[in-house]
Number of protein chains: 2
Amino acid sequence: MIGFLVDDATPEEIEAERATYGPIAQVLRELAQASIRTTVAPEVAAEAVAQLAAVRDLLNAEVGGASYGLKFSRQGIGRPWGNAVVGVRNPVAPPLDIVHEEDRVHSRFVLGPQYEGPPTFVHGGVASLILDQMLGEAAAARKRPGMTGTLTLRYLRPTPLGPLTAEASIDRVEGIKTFAIGHIADAEGVCVEAAGVFIVPKWARADGKGQPRFE
Amino acid sequence: MIGFLVDDATPEEIEAERATYGPIAQVLRELAQASIRTTVAPEVAAEAVAQLAAVRDLLNAEVGGASYGLKFSRQGIGRPWGNAVVGVRNPVAPPLDIVHEEDRVHSRFVLGPQYEGPPTFVHGGVASLILDQMLGEAAAARKRPGMTGTLTLRYLRPTPLGPLTAEASIDRVEGIKTFAIGHIADAEGVCVEAAGVFIVPKWARADGKGQPRFE
């Protein structure tokens, strides 16, 4: 079963966690770019590895669970902070700041060299990673938690690294299925389109027949 | 146009580059996990940020291009080392070591907490990121470079974090289109299936009508 943890964190404690650990992930994102671009001498690279290993050990001296999971406070504040797209504590995530508006979600973000596929362009799979999250959040806008059932990407032209926008919305709802659509665009227009079907998981259906218990 | 850089690197120089810079990305992957899991005190976290920023500046003292791109030696040795899935110099990449066999490619890999979506499970978009790369490499097996045209993912059940396998192969070829299929599996069986259409880009067609010049 896929669930989440409800804890006693207050809004102040949640902001303190973000302020304490968010900057670690942020500087690690900058280091990811440096790792790809650097041309320093071998002895400098070896020194960097030694220093990074020391910080790794420092942080690993006290750790929580094997993965972050999805924690909710009793006030209902969600912290998907380990999430590979939106996780503020996850250096793999850009992270996207996704704005919710009724049945539509949108985001502005910048993708650096660590998201490269073809030279100077965003990896096609990174575009799908981002759109899976965007469509999933759009599908969840009616308080229906959804697992991705199918996702189809249509690549209209290469997506350049740099500043981009993405948006997604609900196309229609049929029983336990929510159909969502979305796209990623640069300044010239749409680069990648996506359509997905998100399924309300069994644990979130009140009667096991498709009526979500969160409405 | 999407192209790649041919340089004069010898096999020895290429191995030296891997040995020099690969370990930086590897320790950054371990740091990504620590960033998500750590519970150290705020003053320890602040010290970690300061030390990481110093290493970032050390590496950024000498850098190459804005992104890694795809370099080829004159001996034809490819270095997609900035690639978001297989890049040995990219901490965002697991990285996958993809084995090529005729028209089939396969890989064994382990996904840690930085690839999480639903609690304890792989982000659906990370599965699509990996399958885009796998199917693209399968499609390219006949020396036909391909850009993703469409990619469809079917999620059969949640993919657990941990040890996984993936494979992909060519289903059929029609003119400039190569149809590839693949999946990700855990010890219990297939979790995600994918089907994709890869298009030979215009620059790789000898006559602009679909005959790739690389055959």
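Details of the structure are given in the entry above.
Counting restarts for each chain: residues are numbered from 1 in the order of the written sequence. Chains carry letters from A onward and ligands carry numbers from 1 onward, assigned in written order. Note on the predicted model: pLDDT of at least 70 is required for a residue's local features to be given, and 80 or more for side-chain atom pairs to be given and counted; whole-chain, interface and lining totals, by contrast, use all residues. Hydrogens are left out, water is left out, and the side-chain values use all remaining heavy atoms of the structure.

Enquirer: Quick rundown of the interface of chain B and chain A? Include the residues and the values.
Expert: How big an interface is tends to be stated in terms of the accessible area lost upon association of its parts. Whether two residues are in contact is decided by their heavy atoms: any pair within 4.5 Å suffices. With 78 residues of chain B in contact, the opposing surface of chain A contributes 78 residues. The buried area of a pairing is the accessible area, by a 1.4 Å probe, that goes missing from both parts when the two are put together, added over both. In total, chain B and chain A occlude about 7000 Å² of area from one another, counting both sides; carbon and sulfur atoms represent 65% of this. Between Lys or Arg on one side and Asp or Glu on the other, a salt bridge is scored when a side-chain nitrogen of the former is within 4 Å of a carboxyl oxygen of the latter. In this assembly, chain B and chain A are joined by 2 salt bridges. Ionic pairing is found between A:Arg56 and B:Glu30, a salt bridge with its closest N-O pair at 2.5 Å. Think of a polar contact as two N or O atoms within 3.5 Å of one another; within protein, one of them needs to be a possible hydrogen donor and the other a possible acceptor, and neighboring residues in sequence only count if both atoms come from side chains. On inspection of chain B and its partner chain A, the count reaches 42 residue pairs in polar contact (both at pLDDT 80 or more). No other element matches the 14 residues that helix H1 (residues 11–37) of chain B contributes to the side of chain B that touches chain A. Three residue categories are used. Nonpolar comprises Ala, Val, Leu, Ile, Met, Phe, Trp, Tyr, Cys and Pro, charged comprises Asp, Glu, Lys and Arg, and polar comprises the others, including Gly. Taken together, the residues of the side of chain B that touches chain A sort by class into 44 nonpolar, 26 polar and 8 charged. Helix and strand labels come from DSSP, where a helix needs a run of H or I of at least four residues and a strand needs a run of E of at least two; each type is numbered from the N terminus.

Enquirer: Explain the pairing of strand E8 (residues 177–186) of chain A residue by residue, including any values.
Expert: Residues and elements named next belong to chain A. Between buried and exposed lies partly exposed: a residue is buried under 20% and exposed over 50% of the maximum accessible area for its type, with that area taken using a 1.4 Å probe on protein chains only. In terms of burial, E8 is a largely internal element, 7 of the 10 residues being buried. In this analysis, strands are considered paired if DSSP registers two or more bridges between them. In this antiparallel pair of consecutive strands, strand E7 (residues 162–174) and E8, the connection spans 2 residues, and Gly-175 shows a positive phi of 60°. Bridge count for E8 against strand E9 (residues 189–199) is 10 bridges, and the pairing is antiparallel. By the bridge assignment for E9, Asp-186 is matched with Gly-189.

Enquirer: Which residues make up the relation of the copies chain B and chain A, and what are the values?
Expert: A residue counts toward the fit only if its pLDDT is at least 70 in both copies, and the copies are then superposed by least squares on the C-alpha atoms of those residues. Mapping chain B onto chain A is achieved by rotating through 180° and translating by 0.0 Å along the same axis, at an RMSD of 0.0 Å. Taken together, the rotation and translation describe the operation of a two-fold axis. Relative to the rotation axis, the closest C-alpha in chain B is found at B:Thr152, a distance of 2.1 Å. Taken as a fraction of all interface residues of chain B, those also at the interface in chain A reach 100%, which identifies the copy contact as same-surface.

Enquirer: Break down the packing of aromatic side chains for me, with residues and values.
Expert: Within a pair of aromatic rings, the relevant descriptors are the distance that separates the centres and the angle that separates the planes. Residues and elements named next belong to chain A. Each Phe, Tyr or Trp ring, with Trp reduced to its six-membered ring, pairs with another whose centre is within 6.5 Å; inter-plane angles below 30 degrees give stacked pairs, above 60 give edge-to-face pairs, and intermediate values give tilted ones. One pass over the structure, following the stated rule, counts 0 aromatic pairs over all chains. The rule is short: NZ of Lys or CZ of Arg within 6 Å of the ring centre and within 35 degrees of the ring normal puts a charge over the ring. The aromatic ring of Tyr-21 is capped on one face by Arg-89, whose charged end is 4.1 Å from the ring centroid. The positively charged end of Arg-172 is found above the aromatic ring belonging to Phe-179, 3.8 Å away from the centroid.

Enquirer: Which residues make up the environment of B:Val110, and what are the values?
Expert: Residues and elements named next belong to chain B. Mapping Val-110 onto the fold places it in strand E5 (residues 104–111). Residue classification places Val-110 among the exposed residues on the basis of a relative accessible area of 57%. As for Val-110 and Leu-161, which are separated by 51 residues in sequence, their C-alpha atoms are 7.5 Å apart. Non-local contacts of Val-110, meaning those with residues more than four positions away in its chain, are made with Gly-162 and Pro-163.

Enquirer: I'd like a description of the pattern of salt bridges, backed by residues and values.
Expert: Residues and elements named next belong to chain A. Going through the model one piece at a time under the given rule, you end up with 22 salt bridges over all chains. Residue Arg-172 is joined to Glu-174 by a salt bridge in which the shortest nitrogen-to-oxygen separation is 2.9 Å. For Glu-174, a relative accessible area of 43% puts it in the partly exposed group.

Enquirer: Please give an account of the environment of A:Val192 that cites residues and values.
Expert: Residues and elements named next belong to chain A. In this fold, Val-192 is placed in strand E9. Separated by 37 residues in the primary sequence, Val-192 and Tyr-155 place their C-alpha atoms 4.6 Å from one another. The residues touching Val-192, leaving out its near neighbours within four places in the chain, are Ala-127, Leu-131, Leu-153, Arg-154, Tyr-155, Thr-159, Gly-182, His-183 and Ile-184.

Enquirer: Report on the side chain of A:Glu137, specifying residues and quantitative values.
Expert: Residue and element names in this part refer to chain A. Positionally, Glu-137 belongs in helix H3 (residues 124–139). For the charge count, each Lys or Arg is scored as positive and each Asp or Glu as negative, with His and the chain ends excluded. Among buried charged residues, Glu-137 stands out as having no salt bridge; its nearest opposite-charge side chain is Arg-18, 12 Å away. Discounting chain neighbours no more than four positions away, the residues touching Glu-137 are Val-86, Ile-98, His-100 and Val-105.

Enquirer: Can you explain helix H2 (residues 42–60) of chain A? Please cite residues and give values.
Expert: All names here are of chain A. The first and last C-alpha atoms of H2 sit 27 Å apart over 19 residues, in line with the 27 Å expected at 1.5 Å per residue. The complete set of buried residues in H2 reads Ala-45, Ala-48, Leu-52, Ala-53, Val-55, Arg-56 and Leu-59. For H2, the angular spread of the buried residues around the axis is 165°, confining them to a single face. Here the expected span of a helix is defined as 1.5 Å times the quantity of residues minus one. This arc describes the spread of directions from the helix axis toward the C-beta atoms.

Enquirer: Residues and numbers for the nonpolar core, please.
Expert: The set of buried Ala, Val, Leu, Ile, Met, Phe, Trp, Tyr and Cys residues whose side-chain atoms join them within 4.5 Å is what this entry labels a nonpolar core. Ranked by internal contacts, the top residues of the largest apolar core, which has 64 residues, are A:Met134, A:Leu135, A:Leu153, B:Met134, B:Leu135 and B:Leu153. Counting 26 residues, the second-largest nonpolar core is a separate cluster that includes A:Ala34, A:Ala45, A:Ala53 and A:Leu59.

Enquirer: Outline the packing of H3(A) against helix H3 (residues 124–139) of chain B, listing residues and values.
Expert: Orientation is described by axes fitted as lines to C-alpha atoms, over the contacting stretch for helices, and by angles from 0 to 180 degrees between their N-to-C directions. H3(B) packs onto H3(A) with a crossing angle of 165° between their chain directions and a minimal axis gap of 8 Å. Between H3(A) and H3(B), the angle falls in the class roughly antiparallel. With respect to the hand of their crossing, H3(A) and H3(B) are arranged in right-handed fashion. Residues A:Gly124, A:Gly125, A:Val126, A:Ser128, A:Leu129 and A:Asp132 of H3(A) form the contact with H3(B), whose participating residues are B:Gly124, B:Gly125, B:Val126, B:Ser128, B:Leu129 and B:Asp132. The residue makeup of the contact of H3(A) with H3(B), split by class, is 4 nonpolar, 6 polar and 2 charged. What sets the label is the angle itself: under 35 degrees gives roughly parallel, over 145 gives roughly antiparallel, 65 to 115 gives roughly perpendicular, and the rest give oblique. Rotating anticlockwise by less than a right angle from the far helix to the near helix defines a left-handed crossing, while the corresponding clockwise rotation defines a right-handed one.

Enquirer: So what about the sheet that holds E5(B)? Which residues, and what values?
Expert: Spatially, E4(A)-E5(A)-E7(A)-E8(A)-E9(A)-E6(A)-E6(B)-E9(B)-E8(B)-E7(B)-E5(B)-E4(B) is the arrangement adopted by the 12 strands of the open sheet, whose pairing is antiparallel. Edge positions in the sheet fall to strand E4 (99–101) of chain A together with strand E4 (99–101) of chain B, since each of these pairs with one other strand and no more. Taking each pair of neighbouring strands and ignoring which way they run, the sheet shows an average axis angle of 20°. Direction of pairing for strand E6 (residues 147–155) of chain A relative to strand E6 (residues 147–155) of chain B: antiparallel, over a ladder of 5 bridges. Across the sheet, the residue bridging to A:Leu151 is B:Leu153, located in E6(B).

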